Each structure stands twice: as C-alpha cells, then as structure tokens.
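# Commentary on secondary and tertiary structure
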Amino acid sequence: CDAKETIAMSTGIREKEAAAFAAMKAESEANIAAMAKAIDALRKGLGGSFIQTAAATTIKDLVVSKQDLFSADDAAELSAFLQSGQATEGTGEIIGMLEQLKETMSKDLADATATEEDAIKTYNELVAAKNKEFETLQASIEEKITRLGELGVANAETANAGGDTGDAMEKDKKALADLKAGCAQRAKDYEAEK
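The text that follows walks through the structure, step by step, so that each part is easy to find. (Residues numbered from 1 in each chain as written. Predicted model: local features only at pLDDT ≥ 70, side-chain atom pairs only at ≥ 80, totals over all residues. Heavy atoms only, no water.)

## Considerations on the packing of aromatic side chains
We count it as follows: Side-chain rings of Phe, Tyr and Trp (the six-membered ring for Trp) are treated as a pair once their centres are within 6.5 Å; stacked means planes under 30 degrees apart, edge-to-face means over 60, and tilted covers the remaining angles. Whether a charge sits over a ring depends on NZ of Lys or CZ of Arg being within 6 Å of the ring centre and within 35 degrees of the ring normal.
The tally for this structure, following the rule as stated, stands at zero aromatic pairs. For the cation-ring pair, Lys4 lies above Phe134, with the distance from its terminal atom to the ring centre recorded as 4.3 Å.

This is how it looks when you write it as structure tokens:
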C-alpha cells in the first residue's frame with residue numbers, strides 16, 4: 001500500500017500548492033485590475049476622483065506591501081499621487097510606472113499559471129502511475145491467492161485420495177486375513193474329512 005500512501009501524501013501537497021496558487025492568483029488579478037482602472041482614470045484625467053476608489057486603495061496597499069517592486073523614487077511618487085491625486089512629475093510618468101508594474105505582474109501571473117498547470121500535470125501523472133502500480137500489485141496478490149487456494153484444494157484432494165487408499169488397504173488386509181482364516185478352516189475341514 002506504499003502507492004496509496006504516496007498518492008495521499010502527494011494529494012495533500014497538491015492541495016496546499018493549489019490553495020497557495022489560488023490565493024496568489026486572486027491577489028494578482030485584483031492588483032492588475034486595479035492598475036488597469038488607475039491607468040484608465042489617469043488617461044481620462046480623473047486622477048483626483050480615482051484616489052477615492054477601491055482600486056486606489058488596492059494600489060496603495062500594493063505600494064506598501066510590495067516595496068521590492070518599486071524603486072524608492074517610484075514608490076514615493078506613487079504614494080504622493082495616491083494621497084493627493086496629483087502627480088508631481090506628471091501623469092504620464094505615473095501611467096508609465098503603472099503600465100510597467102501591470103505588465104510585470106501579468107507576466108508573473110502567467111508564469112505562475114504555467115507552473116501550476118505543470119504541477120497539476122505532474123501530479124496527475126504520478127497518481128496514474130501509482131494507481132497502475134497498485135492495480136498491478138493487487139492483480140499479483142489476487143493471482144497468488146487463487147494459486148494458493150488451488151494448491152490447498154489439490155493438497156486436500158491428495159490427502160483424501162491417500163485416505164481412500166488407506167481405507168481400501170485396510171479393507172484389503174481384513175479381506176486377506178478373512179481369506180487366510182477361511183483357508184485355514186477349510187484345510188482343517190479337509191484334513192478331518194480325509
């Protein structure tokens with residue numbers, strides 16, 4: 001049952017990986033959507049009203065939590081824009097930063113999705129191989145059990161045949177003894193008549 005244990009362990013790992021991917025995917029999609037809304041609002045000249053939306057809050061949280069995605073100047077520029085709705089260097093630079101970030105995050109999401117699909121494929125192949133291994137072992141066990149049963153029946157038949165032979169031999173010995181006794185009696189009777 002090593003195959004079943006391997007499948008169970010792999011399933012647990014796969015479920016954890018799938019949950020982590022789902023969480024990362026949901027966060028990435030929300031961030032990408034927020035950036036698309038921000039870019040659209042900035043292009044339409046709605047920067048001031050954009051900073052009051054949920055998408056702006058998402059980008060603010062992203063700037064704070066993912067500082068490794070930004071240079072210090074870009075993070076400061078985005079933070080200032082998200083506070084006031086006005087870009088100190090101009091809206092074009094903010095749009096460029098957001099587009100670059102959106103592109104990077106989209107690529108990262110695509111890479112993570114490809115990795116997840118590969119992990120699913122690998123898991124499915126493992127499960128199929130282990131199930132085949134289990135089925136092969138199960139068939140071997142069933143074949144050996146059948147052979148063991150057949151040998152048991154053959155042994156019982158042999159024992160019974162031996163028992164029947166033994167019974168027949170006992171009857172034959174008794175018949176021989178009866179014949180010898182009968183012959184001895186007839187020889188006596190013959191001697192007496194003679």
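## So, the pattern of salt bridges
Convention followed: Counted as salt bridges are all cases of a side-chain nitrogen of Lys or Arg within 4 Å of a carboxyl oxygen of Asp or Glu. Helical segments are the DSSP runs of H or I of at least four residues, strand segments are the runs of E of at least two, and each set is numbered from the N terminus. Only protein chains enter the accessibility calculation, which uses a 1.4 Å probe; a residue whose area is less than 20% of its type maximum is buried, one above 50% is exposed, and one in between is partly exposed.
Overall, the coordinates contain five salt bridges when judged by the stated rule. Between Glu17 and Arg14 there is a salt bridge whose closest N-O contact spans 3.1 Å. Placement of the pair is Glu17 and Arg14 together in helix α1 (residues 2-43), with a separation of three residues, close to one helical turn. Ionic pairing is found between Glu133 and Lys130, a salt bridge with its closest N-O pair at 3.3 Å. One end of the pair, Glu133, and the other, Lys130, are both in helix α5 (residues 91-193), three residues apart, so they sit about a helical turn from each other. We classify Glu133 as partly exposed; its relative accessible area is 31%. The exposure class assigned to Lys130 is buried, which follows from its relative accessible area of 18%. When salt bridges with common partners are traced through the structure, they connect Arg14, Glu17 and Glu116 into a single cluster.

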